[in-house]
Amino acid sequence: MSNFSAWDWKPGSRVVADLSARAADYEWREEPIASPDGESVACIVKQPDAGFTVLVNDEFWEQEFEKAWYLRHAPDGRLTCLVMSEDEWTVAVDGQPWESRFGFAWSTVFAPKSSAIGVAVQLDGKYGMAVDDQPWEQMYENANNWLLSDDGSHSAAAVQVKSLGQADIDTFAKGVFSAAIDGEAWEQNFVSVWSLAFNSDSSRLAAEVRLSQYEYTIAVDGKPWEQIFQSVWAPCFNPTSGGVVAPARMGGKWFLCEDGRKLWDKPFTQLWSQKFSPGGERLAAIVATGLGHWTVAVDGQPWEQSFNGVVMDLTFSPNGRSLACMGKDDNAWWVMVDGQRWCGGYDRAFPPQFSPDGKHCAVRLDRGGRYSLCVDGKVYSEDFDMLWDPTFGPESDRILIRAIKDGKYLRRVASLGDILG
Amino acid sequence: MTKPLTQTDKWRKVEDAGLDRGAARLTPERIEKVINEVIDKETSIRFQAYMRDCVRCGLCAEGCHYFLSRDRDPSYSPVAKMHQTAWEMVRRKGKVSAEFVRNAVQLAHTECNLCRRCLHYCPFGIDTAYVMGIVRRIGNRLGVTPQYIQDTANSHSATMNQMWVKEDEWIDSLKWQEDEARDEFPDLRIPLEKEGAEIMYSVIAPEPKFRTQLIYQAAAIFHEAGMDYTFPATPGWDNSDMAMFVGNNEIMGRLKRLHFETAQRLRVKRIVMGECGHAFRSVYDVGNRWLGWRDSPIEIVHGVQFYHELLTSGRIQVETQIEDLVTFHDPCNIIRGRGLMEQGREVAKAFCKNYIEMTPNREHNLCCAAGGGVINCGPPFKETRVKGNRAKAEQLKATGAKIVIAPCHNCHGGLEDIIHAYHLDMKLMFLGDIIYKHMKKTKAV
Ligand code: SF4
Ligand code: SF4
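As the structure is a prediction and not an experimental result, all values here were calculated from the model.

Enquirer: What exactly am I supposed to notice about the site of ligand 1 here?
Expert: All names here are of chain B. Neighbouring ligand 1 are G63, C64, H65, Y66, P78, K81, C112, N113, L114, C115, R116 and C118. Of all the elements in the fold, those that place two or more residues in the shell around ligand 1 are α4 (65-69) and α5 (78-91). Of the residues assigned to the shell around ligand 1, the class counts are 7 nonpolar, 3 polar and 2 charged.

So, in structure tokens, the structure goes:
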């Protein structure tokens, strides 16, 4: 993770790149993406009578490729792209392709607290992951649900450990799936395995498992809970107790359980995406209290306000005191913080971003095809052709705005006072 | 009381590994437990009303293509189907034999398309399709489901698509179609994972697997119309739902959640889907509700609606018209289920000079006999399907049309077999086929 305190936080605005400056040097370009610190903007370009490469500000990567896609910044700011040359795929990081080559590479994943880069790979028809240029030694018939632990020390995926003939429903029913950590599969097989989660020090792995056609539970380190449910959703680890928390369906209703037992007594029509506050004191989840009544429950108690469409992007402030989400009512998006809706609705709203002190919240919005910023419920006076998620400065008093306006990519540090007026 | 039409030696048993091996594993206790559990805990007053209110008048028979096609054999009427399955299960309080369950599941899966035509004929509005869905659910919970459709449901749970398409194969298919299309449209892109695009385009798994030309065509139409769209590169791209048809609601919910959340992750404004009927039913009617949504949580536009929008807004224009006589097949799930009949016709008529209606049509149209998961039960039941739809062959033949447009994949599969088996001199097309061939291509070389 990059040291964002070291970024340039001086208030002011500057044009970093004119996106049309080198237009004569390429046939077309794909969508630009801004770096986390705002200092660069990059896009995949098709060069005349040649292959693809990446343009960063006004410099091209030296190498060109037959194909290139999935341009993404790692959390530390390095730029990754999936590239193909001579029918082999790999990852290029800041223009340098890995040495390992694959039949296919996709779904780049990053570890939020390290510099590890992982990617899903297929080699000679077998599937697994490669992390920092090292493919798993053991590969599988099929694999999915790719995951890197937070510290990047381990990778995991749901894997198919045995072959299946066409329409072989009997072998399937006996269980041919498992979870693999760094390529090593759990001993026990299941009918299905989904939604893997590591604990914070990467020493344990939990997953949703299906034991038979209609029996679901959570397995931790390969061992299923004793309790069996009608269905389950993705587990997570409780940072305080070390237990595993997951929604489970019983008697047609959803409950939140920890280590197989009910944690919240209250049943819901739907319950998912549970999330602990950073210190682990509070637990929130997205719930439906009835058909078409979506809201957030905190420690088992639903907020009064609800939405008929969707609730998503549950986000705690760093100090855990505030909680924000996006909600959709009749095709308009609203921001809801601590159970109260900000004035809204917008055509689109993106994940909320809290300031380090947890006192402010900023959201990127789309209003009629123009992007803007809303901070603490107040919409910024200016709009843009394109805008990336805002980032608060280390002192919580400024915001980094990364935007495109009139064909130019600009980096602006605005003081909160300027935005809030 | 009328003597129940039980499954006697006249029963039309077809061998199937999923049904036969599944039934062989059953015990009387398990059968009774599962039947009563499903009926008591998973059905509502609706099911009880259907069981109670039917007066056995037989008016529903006229609605069913199986009955019409089988020389009006009463055992093919909707009321008889309920009689031979759910009613007996209820009447005997779940104490039915493994053979009975096996045959009831065969019937519910292969002699009913869940097309809901009979519902229009019943004076009490009894929905036989709903009852057959409950029988399928019971069968699936007991592990008795036709082998081929169970395989697609297994694929859904393992790969989140119905055809065991692996993640790299999906992306590779799109990249391949993009390459192909660039010969015709040099600057065409098939955008993948474009966050914030207006539209996420979703398809069914047979498209990357067997019908990649449909992806090509859709990309060409999107390109010509200048639409801002994307495909996801992750599972969630397949909108189809055989889990719904086998009655595995838990896997159905998982699939639909992933489909909707994939669109939300990409922050698109709406999902446009290709020409598939059952997938549409699963997003606006079934899967969404199981998850807790009253409607779809993100606007969903069927291919027919989308093409109509492109045409009426002038984003695509007609360059040439088809001279041959053309007719239009109304797929149950988008027409009886969602009323898209006029939009489909308007697009068809814009591109076809000579157009003729089938009789009956629109919400009264006869089913293709493939939908409702019937074609997905695979080769063992092809004859049941084809013989069960002579009525459709007669309906098609009476139009004299040379082309039949069917904006649904299952309808294509079913009608292809009907056209072939009854020697009809007709060609099948999707609306997308017609638009691609006959639109103005201003961006092509
Ligand atoms: S096939 Fe259609 S008309 Fe016949 S019983 Fe089933 S739902 Fe009714
Ligand atoms: S028409 Fe309705 S009431 Fe009459 S037999 Fe059919 S389902 Fe029963």
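Enquirer: Please explain the packing of helix α6 (residues 98-110) of chain B against helix α7 (residues 128-141) of chain B as it appears in this structure.
Expert: The relative placement of two packed helices comes down to the angle between their axes together with the axis-to-axis distance. Residues and elements named next belong to chain B. The geometry of α6 relative to α7 is characterised by a closest axis approach of 9 Å and an angle of 130 degrees between their N-to-C directions. Considered as vectors, α6 and α7 are oriented oblique to each other. Crossing geometry of α6 relative to α7 is assigned as left-handed. Here α6 contributes A104, V105, L107, A108 and H109 to the contact with α7, which in turn contributes M132, V135, R136 and G139. Class assignment of the residues belonging to the contact of α6 with α7 gives a composition of 6 nonpolar, 2 polar and 1 charged.

Enquirer: Explain the sheet that holds strand β10 (residues 96-97) of chain A to me, please; I cannot follow it from the model alone.
Expert: Each strand in a sheet pairs with its neighbour through backbone hydrogen bonds, running either in the same direction (parallel) or in the opposite one (antiparallel). All names here are of chain A. One open sheet accounts for 4 strands, arranged β7-β8-β9-β10; its pairing is antiparallel. Of all the strands in the sheet, just β7 (67-73) and β10 have a single pairing partner and so form its edges. Judged from the 2 bridges that link them, strand β9 (residues 88-93) and β10 form a sheet pairing that is antiparallel. Following the sheet pairing, V93 is matched in β10 by Q96.

Enquirer: Whenever I open this one, a negative patch on the surface confuses me. Can you help?
Expert: Residue and element names in this part refer to chain A. Together, E66, E86, D87 and E88 make up a region of like negative charge exposed at the surface. Among the structural elements, E66 can be located in the loop between β6 (59-60) and β7. Residue classification places E66 among the partly exposed positions, given a relative accessible area of 41%.

Enquirer: What's the story with the packing of aromatic side chains in this structure? I'm lost.
Expert: The relation between two aromatic rings is expressed through the spacing of the ring centres and the mutual angle of the planes. One pass over the structure, following the stated rule, counts 35 aromatic pairs over all chains. For the ring pair W186 of chain A and F190 of chain A, a centre distance of 6.4 Å and an interplane angle of 80 degrees mean the geometry is edge-to-face. Assigned by exposure class, W186 of chain A and F190 of chain A land together as buried. Members of the aromatic cluster, connected to one another through ring pairs, are W170, Y201, F222, Y229, F231, W237, F306 and Y307 of chain B.

Enquirer: Could you clarify how one ought to interpret the nonpolar core in this entry?
Expert: Most often, soluble globular proteins have nonpolar side chains that are buried together. Ranked by size, the top nonpolar core spans 215 residues in total, and within it W69 of chain A together with F231 of chain B carry the most contacts. It is helix α11 (residues 212-225) of chain B that contributes the most residues to this core, 8 residues altogether. Residues contacting F231 of chain B, with those up to four places away along its chain left out, are W170, L174, I190, P191, L192, E193, Y201, V203 and I215 of chain B. Counting residues in hydrophobic clusters, the runner-up holds 19 residues, among them M358, C367, C368 and L424 of chain B.

Enquirer: Honestly, α11 of chain B in this entry has me stumped. Any pointers?
Expert: All names here are of chain B. Taking 1.5 Å of rise per residue, 14 residues should cover 20 Å, and α11 covers 20 Å from first to last C-alpha, within 8% of that figure. Counting buried positions along α11 yields 13 of 14 residues, so the element is predominantly enclosed. In the stretch just after α11, G226 is the one whose phi turns positive, near 65 degrees.

Enquirer: Can you walk me through the pattern of salt bridges in this structure?
Expert: Side chains that differ in charge, positive against negative, can pair when their charged atoms come close. All names here are of chain B. Counted under the stated rule, the structure contains 63 salt bridges over all chains. The partner of D20 in a salt bridge is R102, and the shortest N-O contact between them spans 2.6 Å. Of the two residues, D20 sits in helix α1 (residues 17-24) while R102 sits in helix α6, which places them 82 residues apart along the sequence. The closest approach of N and O atoms between D53 and R52, which form a salt bridge, is 2.9 Å. On the basis of relative accessible area, D53 is assigned to the partly exposed category, the value being 31%. Owing to a relative accessible area of 57%, R52 belongs among the exposed residues under this scheme.

Enquirer: How should I be thinking about empty space enclosed by the protein in this particular structure?
Expert: One simple way to see leftover space: roll a probe sized like a water molecule over the atoms. Residues and elements named next belong to chain B. What the rule picks out here adds up to 9 cavities of 30 Å³ or more. Considered as a void within the structure, the largest cavity measures approximately 110 Å³ in volume. In this structure, the largest cavity is lined by 16 residues; those nearest its centre are C332, N333, G371, G372 and C411. For the lining of the largest cavity, the secondary-structure elements that each account for two or more residues are α14 (277-291), α16 (332-335) and α20 (409-421).

Enquirer: Where do I start with unusual backbone geometry in this structure?
Expert: Peptide bonds are mostly trans, and most non-glycine residues show a negative phi. Omega for the bond connecting T359 of chain B with P360 of chain B falls within 30 degrees of zero, at -10 degrees, which places this linkage in the cis form. If you trace the backbone, P360 of chain B turns up in the loop between β6 (352-355) and α18 (382-387). The backbone of D87 of chain A sits at a positive phi, close to 65 degrees, despite the residue not being glycine. Checked against the element boundaries, D87 of chain A lands in the loop between β8 (79-85) and β9. With a phi close to 45 degrees, D330 of chain A is a non-glycine residue in the positive phi region.

Enquirer: What's the story with the interface of chain A and chain B in this structure? I'm lost.
Expert: With 61 residues of chain A in contact, the opposing surface of chain B contributes 56 residues. Interface area, chain A with chain B, both sides summed: about 5000 Å², of which 50% is carbon and sulfur. For the pair chain A and chain B, the interface holds 9 salt bridges. Summed over the shared surface of chain A and chain B, the number is 31 residue pairs in polar contact (both at pLDDT 80 or more).

Enquirer: Would you explain the state of the cysteines in this entry?
Expert: Note on terminology: disulfide describes a covalent bond linking the sulfur atoms of two cysteines. Enumeration according to the criterion identifies 0 disulfides over all chains in this entry. With no disulfide of its own, C361 of chain A lies closest to C374 of chain A among cysteine sulfurs, the gap being 8.6 Å.

Enquirer: I tried to follow the packing of helix α15 (residues 303-312) of chain B against helix α17 (residues 341-351) of chain B on my own but got confused; where do I start?
Expert: Residue and element names in this part refer to chain B. At a minimum axis separation of 8 Å, α15 and α17 run at an interaxial angle of 50 degrees. The angle between α15 and α17 falls in the class oblique. Here the hand of the crossing between α15 and α17 comes out left-handed. Side by side, α15 and α17 meet where V304, Q305, Y307, H308 and L311 of the first sit next to Q343, G344, E346, V347, A350 and F351 of the second. Residue composition of the contact of α15 with α17, grouped by class: 6 nonpolar, 4 polar and 1 charged.

What counts and how
- Residues numbered from 1 in each chain as written.
- Chains lettered and ligands numbered in written order.
- Predicted model: local features only at pLDDT ≥ 70, side-chain atom pairs only at ≥ 80, totals over all residues.
- Heavy atoms only, no water.
- Near = heavy atom within 4 Å.
- Helix = DSSP H or I, 4+ residues; strand = E, 2+ residues; numbered from the N terminus.
- Nonpolar A, V, L, I, M, F, W, Y, C, P; charged D, E, K, R; others polar.
- Axes fitted to C-alpha atoms, helices over the stretch in contact; angles between N-to-C directions.
- Parallel < 35°, antiparallel > 145°, perpendicular 65-115°, else oblique.
- Left-handed = near helix turned anticlockwise from the far one by under 90°.
- Contact = heavy atoms within 4.5 Å.
- Pairing = 2+ DSSP bridges.
- Patch = residues over 30% accessible without salt bridge, like charges linked within 9 Å, V, L, I, M, F, W, Y side chains within 5 Å.
- Areas by Shrake-Rupley, 256 points an atom, 1.4 Å probe, with all protein chains shown as cover.
- Salt bridge = Lys/Arg side-chain N within 4 Å of Asp/Glu carboxyl O.
- Lys, Arg positive; Asp, Glu negative; His and termini not counted.
- Charge placed at Lys NZ, Arg CZ, Asp CG, Glu CD.
- Buried < 20%, exposed > 50% of the residue type's maximum accessible area, 1.4 Å probe, protein only.
- Phe/Tyr/Trp six-rings, centres within 6.5 Å; stacked < 30°, edge-to-face > 60°.
- Core = buried A, V, L, I, M, F, W, Y, C linked by side-chain atoms within 4.5 Å.
- Expected span 1.5 Å × (residues − 1).
- 1 Å grid on protein atoms, 1.4 Å probe; cavity = no way out; pocket = protein on both sides within 12 Å on 5 of 7 lines; lining within 4 Å.
- Points joined across faces, edges and corners; volume = space filled by probe spheres on them.
- Buried area = accessible area lost by both parts, 1.4 Å probe.
- Polar contact = N/O pair within 3.5 Å; in protein donor to acceptor, adjacent residues only side chain to side chain.
- Disulfide = S-S within 2.5 Å.

By themselves, these figures tell us nothing about what the structure is for.
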